[in-house]
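# Residue-level structure breakdown
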Amino acid sequence: YGSTRPERILAEVKSKATRGDARSVVDTIDQYCRHQEWAMNVGDEKGTILDSIVCEVKPRAMLELGTYCGYSAVRIASLLPPNSRLITMEFNPVFAAIARQVIAWAGVEDKVVLIEGPSGDWIPKMKKEFGLTSFDLVFLDHWKDCYLPDTKLMEECGLLRTGSILVADNVICPGAPDYLEYVRGSPRYESKYFRSHLEYTRVEDGIEKSVFLG
Ligand SMILES: CNc1ncnc2c1ncn2[C@@H]1O[C@H](/C=C/CNC(=O)c2cc(-c3ccc(F)cc3)cc(O)c2O)[C@H](F)[C@H]1O
Ligand SMILES: [Mg+2]
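What you see is a predicted model; the values in this text were computed from it and never measured.

Confidence in the prediction of the protein, expressed as mean pLDDT, is 98, and 99% of residues score 70 or more. Averaged pLDDT values for the elements of the protein fall to 96 in helix 7 (residues 126-130) and rise to 99 in helix 4 (residues 71-77). As a predicted assembly, this complex carries a pTM of 0.99 together with an ipTM value of 0.99.

This part takes up a nonpolar patch on the surface. On the surface, Trp38, Met40, Phe91 and Trp143 cluster together to form a nonpolar patch covering roughly 440 Å² of accessible area. Mapped onto the elements of the fold, Trp38 is located in the loop between helix 2 (22-35) and helix 3 (43-57). A residue is classified by how much of its surface remains accessible, and Trp38, at 34% relative accessible area, is partly exposed.

Before going further, it helps to spend a moment on the coordination of the magnesium ion (ligand 2). All of the protein donors around the magnesium ion (ligand 2) are Asp141 (OD), Asp169 (OD) and Asn170 (OD1); their distances to the metal are 2.0 to 2.2 Å. Motif for the magnesium ion (ligand 2), donor spacing along one chain: D-x27-D-N. By relative accessible area, which is 0% here, Asp169 ends up buried. You can call Asn170 buried: its relative accessible area is 3%.

Rules used throughout
- Residues numbered from 1 in each chain as written.
- Chains lettered and ligands numbered in written order.
- Predicted model: local features only at pLDDT ≥ 70, side-chain atom pairs only at ≥ 80, totals over all residues.
- Heavy atoms only, no water.
- pLDDT = per-residue confidence, 0-100.
- Helix = DSSP H or I, 4+ residues; strand = E, 2+ residues; numbered from the N terminus.
- Patch = residues over 30% accessible without salt bridge, like charges linked within 9 Å, V, L, I, M, F, W, Y side chains within 5 Å.
- Areas by Shrake-Rupley, 256 points an atom, 1.4 Å probe, with all protein chains shown as cover.
- Salt bridge = Lys/Arg side-chain N within 4 Å of Asp/Glu carboxyl O.
- Buried < 20%, exposed > 50% of the residue type's maximum accessible area, 1.4 Å probe, protein only.
- Donors = N, O, S within 2.8 Å, 3.2 Å for Na, K, Ca; no water.

What follows is the structure, encoded as structure tokens:
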């Protein structure tokens, strides 16, 4: 019947995942999207790469661009040390409403701040609104042609400090060529590609980890 894919994912989480158990929410979504219907979550394979970076960086302040259903927000939040915050931005109200419920079901709502609105409007307001100096880690997973403009905007707004790390999903598929060229070509970044596959498929994709050098 007339449900949307995110609504079906939420229904699956509520019926199959253990309330308060972030890992079971992640595993339930992966299982559903691998065997029932594909969805654009970072997924289990690339998610493991993201996990290792989050655990290595132990960010106090983390930003995610593009919440969608909240899969990666739950995955990240479950690894954050105490007193750390993930701010995640989603401008589609339908997706934001679903993500809030997925995040709540996983029991990580005290570590996640979901901002409903466009990154372009909110990035310039982050410092004032959240008393932030900079982000330790940023996960880019929104429209691929917005990775580069939003990265430049974060630089201009002073939200990146020496050592801040950008992690970008989908740099091969669908691809973010202008972003890749920028972070790989700029002397202000040290960039590294982690080869993987498009979520739930055998298609090549990967994650680019770029350290801002100031
Ligand atoms: C621009 N500023 C924004 N601010 C806040 N929320 C935003 C903004 N822009 C988008 N959103 C929000 O961020 C999400 C957008 C995610 C886009 N992701 C993808 O397109 C994407 C696509 C594939 C894919 C690969 C192969 C294929 F055959 C088909 C699809 C795989 C992936 O892993 C992806 O991440 C959300 F939908 C949108 O409202
Ligand atoms: Mg993605």
